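# Notes for the structure review
For reference, the chains in residue letters:
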Amino acid sequence: MRTKWWKWLTMAILVYVVIGGFLFQVPRLPILNETIRVLHFHVPMWFGMLFLFLASVVHAIKYLSSGKLENDIMSSQLAVVGVVFGILGMLTGMFWATFTWGEPWSNDPKQNASAIGLLIYFAYFILRGSIQDEQQKAKISAVYNVFAFAALIPLLFILPRMTDSLHPGNGGNPGFNAYDLDSNLRKVFYTAVIGWSLLGFWIATIKIRYKLLSEKMDD
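Quick look at the structure, then. As the structure is a prediction and not an experimental result, all values here were calculated from the model.

The rules behind each value
- Residues numbered from 1 in each chain as written.
- Predicted model: local features only at pLDDT ≥ 70, side-chain atom pairs only at ≥ 80, totals over all residues.
- Heavy atoms only, no water.
- Salt bridge = Lys/Arg side-chain N within 4 Å of Asp/Glu carboxyl O.
- Helix = DSSP H or I, 4+ residues; strand = E, 2+ residues; numbered from the N terminus.
- Buried < 20%, exposed > 50% of the residue type's maximum accessible area, 1.4 Å probe, protein only.
- Phe/Tyr/Trp six-rings, centres within 6.5 Å; stacked < 30°, edge-to-face > 60°.

## Here we look at the pattern of salt bridges
In total, this model carries two salt bridges according to the counting rule given. Residues Asp72 and Arg128 are paired through a salt bridge, measuring 2.9 Å at the closest nitrogen-oxygen approach. With a gap of 56 residues between them, Asp72 in helix 3 (residues 69-100) and Arg128 in helix 4 (residues 109-129) connect regions that are remote in the sequence. A relative accessible area of 12% places Arg128 in the buried class. In this structure, Glu134 engages Lys137 in a salt bridge whose closest nitrogen and oxygen atoms are separated by 3.7 Å.

In structure tokens, the structure reads:
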């Protein structure tokens, strides 16, 4: 079976990211030391999560305008993969926090806001599972999806900046790119954002195709 070019590109990028992320030179910063390498996994996975959630809400809006169940399936499966990437991003962030803050979870505003954001999307799947009628499930889920994404933006990018936070880029702490995202980190980091995002959409396309086939077989 012929693999599309962007899938080969995804594999090549991720091989480069894994090799570069673990073996390329990184800035020798106090406390961070080698843990700065998690930047190539933690942040890009969250970028991938946001892109997947954005695509999910776009298909939710398309469903509301067209009423096609295919758009609902695409929206829900993109959200599933987005949550998985969010969990992976949170776990890698907790690993980093263990070495830099002394514990994996310190109730930092950014951590709490991220957890709330994921809980909002967990509620999205609970809502879908509680409704039997397919059209009603799709319509209510689509509306909820729009508000879930709208709530995620201030949770991640606005509220943490309004209070003290240990997280880089929040509460007066400069972000990595402001003082130590050197050329070696950039060579891997920006590529990682593309690679992990493409992987997320690749997984989503597989889940969407499987779900569509399942729906056809049920019919």
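## Re the packing of aromatic side chains
The tally for this structure, following the rule as stated, stands at eleven aromatic pairs. Judged by centre distance (5.4 Å) and plane angle (40°), the rings of Phe22 and Phe41 are tilted. Of the two residues, Phe22 sits in helix 1 (residues 5-23) while Phe41 sits in helix 2 (residues 39-66), which places them 19 residues apart along the sequence. In this structure Phe41 comes out as buried when scored by relative accessible area, which is 11%. Between Phe47 and Phe51 the ring centres are 6.3 Å apart and the planes differ by 35°, which places this aromatic pair in the tilted class. In this pair, Phe47 and Phe51 both sit in helix 2, four residues apart, roughly one turn of the helix. Judged by relative accessible area, Phe47 falls into the partly exposed class, the value being 34%. Pairwise contacts between aromatic rings join Phe22, Phe41 and Trp196 into one cluster.

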